[in-house]
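# Coordinates in review
Now for the letters of each chain:
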Amino acid sequence: MGFDLDLTLADTRAAIAAVYEAMLPRLAYPIDVDVVVSRLGPPLEVELAHWMPEEEVPAAVALYRELYPAIALPATGIMPGAREALAAVRDAGGRIIVVTGKNALHARHTVEALGFEVDEIVGSVFGADKGQALASFGAGAYVGDHVADIEAARAGGATSVAVATGSFTADQLIDHGADVVLEDLTHFAGWFDSWAAASA
């Protein structure tokens, strides 16, 4: 089973906002932090390119990653139902991969800080680029909050399970072609039990 990280398993909204706020005094370009948080999902480099010239992005990325551990990790929470969703997969003898746009180091630190037990973490991939990791792992389904996670599942040959906990509504996720749409992960275990039984 594959899972996205930000706004699927981990509530990183306040954490990421705090890092951006700490960056602002050291940047030459203004960033609307509320806008950034409203569209979490794509890799950091993609977001920063909206706010500054391309040649300035690497330095801003380095600053963000320098600040992230001390500021973001203590402010990161667990999305409702996330721990129970992972437990449902484990209890059924399943394996878990986290595939995320977040860089691998911060993804691993986030997973560890929240006490999630997973088998593999792949970072710095987005949309259909997640497909290779999902296929290599043998993930039968991929759970994410972004329309790009639906594309990831398709690319990896997995069932797309979308949760309406990010910036996209349930209707938008349905319109984009998700195989399953859940309000949040508190509904995951019930769906998973039925899906696993049908797949057996």
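Presented here is a report on the structure given in the accompanying data block. (Residues numbered from 1 in each chain as written. Predicted model: local features only at pLDDT ≥ 70, side-chain atom pairs only at ≥ 80, totals over all residues. Heavy atoms only, no water.)

### Description of the nonpolar core
Put simply, the rule is: Nonpolar cores were defined as sets of buried Ala, Val, Leu, Ile, Met, Phe, Trp, Tyr and Cys residues, with membership established by side-chain atoms within 4.5 Å. Each residue gets one of three labels from its accessible area relative to the maximum for its type: buried under 20%, exposed over 50%, partly exposed in between, using a 1.4 Å probe on protein chains only. By definition, any uninterrupted DSSP run of H or I lasting at least four residues is a helix, any uninterrupted run of E lasting at least two residues is a strand, and each is numbered from the N terminus. What makes two residues a contact is simply this: any of their non-hydrogen atoms within 4.5 Å.
Core analysis: the biggest nonpolar cluster contains 27 residues, and M1, F3, L9, V143, L185, F188 and W191 have the highest contact counts within it. Among the elements of the structure, α5 (82–91), α6 (104–114), β6 (141–144), β7 (159–163), β8 (180–182) and α10 (188–199) are those that each provide at least two residues to this core. For this core, the element with the most residues is α5, which contributes five residues. Once you skip the residues sitting within four places of it in the chain, M1 turns out to touch V89, R95, I96, I97, F137, A139, A141, V143, F188, W191, F192 and W195. A17, Y20, L27 and M52 belong to the second largest nonpolar core, which has 25 residues in total.

### A short note on the pattern of salt bridges
What counts here: Think of a salt bridge as a Lys or Arg side-chain nitrogen and an Asp or Glu carboxyl oxygen that are within 4 Å of each other.
In the structure shown here, the tally under the stated rule is seven salt bridges. The shortest N-O distance in the salt bridge between K102 and D6 comes to 3.2 Å. A residue pair is termed long-range when its members are at least 10 positions apart, and K102 in the loop between β4 (97–99) and α6 and D6 in the loop between β1 (2–3) and β2 (10–11) qualify at 96 residues. Neither K102 nor D6 differs from the other in exposure class; each is buried. We note a salt bridge from E47 to R39, for which the minimum N-O separation is 2.9 Å. Residue E47 is classed as buried on the basis of its relative accessible area, which comes to 8%. Each member of the salt-bridge network shares a partner with another, and the members are D4, K130 and D149.

### Looking at the side chain of D184
This is how the line gets drawn: Here a polar contact is recorded for every N or O atom pair within 3.5 Å, except that within protein the pair must consist of a potential hydrogen donor and a potential acceptor, and residues adjacent in sequence are included only if both atoms are side-chain atoms.
By secondary structure assignment, the location of D184 is in the loop between β8 and α10. Among the polar contacts listed, one links the side chain of D184 to the side chain of T186, at a separation of 2.3 Å. What D184 contacts, discounting residues up to four positions off in sequence, is V163 and T165.

### What about the environment of E47?
Mapped onto the secondary structure, E47 falls in helix α3 (residues 44–48). Between the alpha carbons of E47 and V36 there is a distance of 7.2 Å; along the sequence they are eleven residues apart. Once you skip the residues sitting within four places of it in the chain, E47 turns out to touch Y20, V36 and R39. Within the local environment of E47, its side chain forms a polar contact with the side chain of W51, the two groups lying 2.7 Å apart.

### Details of the packing of aromatic side chains
Definition in use: Only centres within 6.5 Å qualify two rings of Phe, Tyr or Trp (six-membered ring in Trp) as a pair; their planes then separate them into stacked at under 30 degrees, edge-to-face at over 60, and tilted for everything else.
All chains considered together, the criterion is met by seven aromatic pairs. Their ring planes at 20° and their centres at 5.6 Å tell us that F188 and F192 sit as a pair that is stacked. In this pair, F188 and F192 are both assigned in helix α10, four residues apart and thus about one turn of the helix distant. The class for F192 is buried, based on a relative accessible area of 5%. Centre to centre, the rings of W191 and W195 are 5.3 Å apart; their planes meet at 20°, and the pair counts as stacked. Of this pair, W191 and W195 are both found in helix α10, four residues apart, which corresponds to roughly one turn of the helix. Overall, the relative accessible area of 15% leaves W191 in the buried class. An aromatic cluster is present here, built from F3, F188, W191, F192 and W195 joined pairwise through their rings.

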